[in-house]
Amino acid sequence: MSDTPLLKVRDLSKFYGKRIGCANVAFELWPGEVLAIVGESGSGKTTLLNCLSTRLMPTTGSVEYHMRDGGYRDLYHMSEAERRFLMRTDWGFVHQNPADGLRMTVSAGANVGERLMAIGNRHYGNIRNTASDWLERVEISTDRIDDQPRAFSGGMRQRLQIARNLVTGPRLVFMDEPTGGLDVSVQARLLDLVRGLVNDLGLSAIVVTHDLAVARLLSHRMMVMKDGYVIEQGLTDRVLDDPREPYTQLLVSSILQV
Amino acid sequence: MTQEVSQYSGLASYNFAYLDEQTKRMIRRAILKAIAIPGYQVPFASREMPMPYGWGTGGVQVTASIIGQEDVLKVIDQGADDTTNAVSIRAFFQKVANVAVTTHTRDATIIQTRHRIPEEKLQENQVLVYQVPIPEPLRFLEPRETETRKMHALEEYGLMHVKLYEDIAKNGRIATTYAYPVKVAGRYVMDPSPTPKFDNPKMHMSEALQLFGAGREKRIYAVPPFTEVVSLDFEDHPFEIQTFDKPCALCGAEQVYLDEVILDDKGGRMFVCSDTDHCEERREHGHVGHLGVAKEAAE
């Protein structure tokens, strides 16, 4: 791991009028690290994720990102063009519902190739080869390259969405409940895949989930949120095995045992 | 301005070229802005015209705003001067502007067109006015107007190539044959209206001013004279125009855009120039295709 954090978050708050979305969030994310944000629904996880990924403007606070050129830039002081460029090259965003992150009416190959074309790749053969390469990596058979995601199962769509995001070699990936809505065996396979990709590519990731098992498998570190505040953070195994806050203890003890 | 129409017909009077002067001013402003930013779609307050949307209300408004009493108007529809749309728009301007009309490309100062650019090279003193149904080239891939505007503003045109990619993936080649997207002056991606891609190279460095009016969508855009217009493509699938196996059946012209005409119900067909003026002129000069009749013999 390098000795400079990839993301520095300070005093991040988002208010919806008088209501709190998330408040006073501060943390640093290091290269190669996977951070899980857990909490019940309504605890501000997704608000926080949207603020971090600049999909939403926070009310106060700053997020600094370590650019490829070595300097830090405050995300909210970048121009929209720069931000959007960052989002489609150096970042990925995996939505809970694949239909939000995919173009459902164009083929799988074009879905994966879109980012390449967006950054100026103009060679059809190369784009197609890269796309089929990535389909293979996410365990989608390459003869499905010309099928539309509409013809794919939920698990395949989610894997396609991951391939589409990773094709430009991003350094940071945001995931919003990546396994939500999938059945357990498909979940397990997806988690395995994501864990492998994160390790191979040295990605940093911020994963929002309400599923503690997902956090346990994927993340190195986790933050527990309640009512918009981060109430506990630490190494994943420490938080899950030795929860300190009463709410975290409740959360951990609520996992269904089979 | 002109009271001639009412004097002749006893009807309530129209202003010259139908639109009132304030409307023309508004449209001219939009046109000037469009010329200043080649390929950029300028919103304008499109008016109701005495014809349905889809029949060229955008083109008619642009023509009405730029036409003067000295102008000579030519109107073509799919290249032809004698199809319904062309005939009725020509008659419209004869009635409301009392201007000279022609079918000869060379004689016209304003040419309003639907779906074609004349075969004959246009000159500096000519203006080509296109009727545009859907001005937004990104529309079929991105339905949100807010998003497409942002994409234009930030020059994010990757999506346009996604469309071409899909074409090649499905058909093995770029199968888009009309409304083929172009990049204007190295900046804006533009829909050249549903002209066949055969005509795209004619837009490049054209001497004539090209104006595009979309009435229903309320947009005007323009390509000023001598502006670079490049058709989008892939390095390994370069842009190509349509080619035809045979010359025009009536005038024998090659390297022109041909229409297929069905002759009977036994599979008989012929391919003839889509530009009727071009075809007629060639025949007057004695060119005869394999189904054509020499001019003197016909008379």
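Quick look at the structure, then. (Residues numbered from 1 in each chain as written. Chains lettered and ligands numbered in written order. Predicted model: local features only at pLDDT ≥ 70, side-chain atom pairs only at ≥ 80, totals over all residues. Heavy atoms only, no water.)

Overview of the sheet that holds strand β1 (residues 42-43) of chain B
Residue and element names in this part refer to chain B.
Phase 1: Ordered in space as β1-β9-β8-β5-β4-β2-β3, the 7 strands form an open sheet in which the pairing is mixed. Only two strands of the sheet have a single partner each, and these edge strands are β1 and β3 (100-101).
Phase 2: Pairing between strand β5 (residues 127-131) and strand β8 (residues 209-214): 5 bridges, direction parallel. Each residue of the ladder has a partner; that of V127, found in β8, is L209.
Phase 3: On top of the sheet, helix α3 (residues 57-66) reaches β2 (72-77), β4 (110-114), β5, β8 and β9 (219-223); it is set at about 150° to β5, its chief contact.
Phase 4: Most of the contacts of helix α4 (residues 84-96) go to β2, to which it runs at about 155°, and overall it touches β2, β3, β4 and β5. (Pairing = 2+ DSSP bridges. Helix = DSSP H or I, 4+ residues; strand = E, 2+ residues; numbered from the N terminus. Contact = heavy atoms within 4.5 Å. Axes fitted to C-alpha atoms, helices over the stretch in contact; angles between N-to-C directions.)

Section: the interface of chain B and chain A
Phase 1: Counting residues at the interface gives 20 residues for chain B, matched by 21 residues for chain A.
Phase 2: Among the residues of chain B in contact with chain A, E156(B), V162(B) and Y165(B) are the three that bury the most area, contributing 29% of the side total.
Phase 3: At the junction of chain B and chain A, the tally comes to 5 salt bridges.
Phase 4: For E156(B), the salt bridge identified is with R88(A), shortest N-O distance 2.8 Å. (Buried area = accessible area lost by both parts, 1.4 Å probe. Salt bridge = Lys/Arg side-chain N within 4 Å of Asp/Glu carboxyl O.)

Considering the pairing of strand β10 (residues 229-235) of chain A
Residue and element names in this part refer to chain A.
Phase 1: Direction of pairing for strand β9 (residues 221-226) relative to β10: antiparallel, over a ladder of 6 bridges. Each residue of the ladder has a partner; that of K226, found in β10, is Y229.
Phase 2: If you look at the hairpin formed by β9 and β10, you'll find 2 residues sitting between the two strands, and D227 has a positive phi there, around 50°.

Let's talk about the sheet that holds strand β2 (residues 19-29) of chain A
Residue and element names in this part refer to chain A.
Phase 1: Pairing is antiparallel across the open sheet formed by 4 strands, whose spatial order is β2-β1-β4-β5. Here the strands that pair on one side only, and so sit at the sheet edges, are β2 and β5 (72-74). On average, adjacent strands in this sheet sit at an angle of 20° to one another, irrespective of strand direction.
Phase 2: As paired strands, strand β1 (residues 7-16) and strand β4 (residues 60-66) are joined by 5 bridges and run antiparallel to one another.

These figures capture arrangement, not role.
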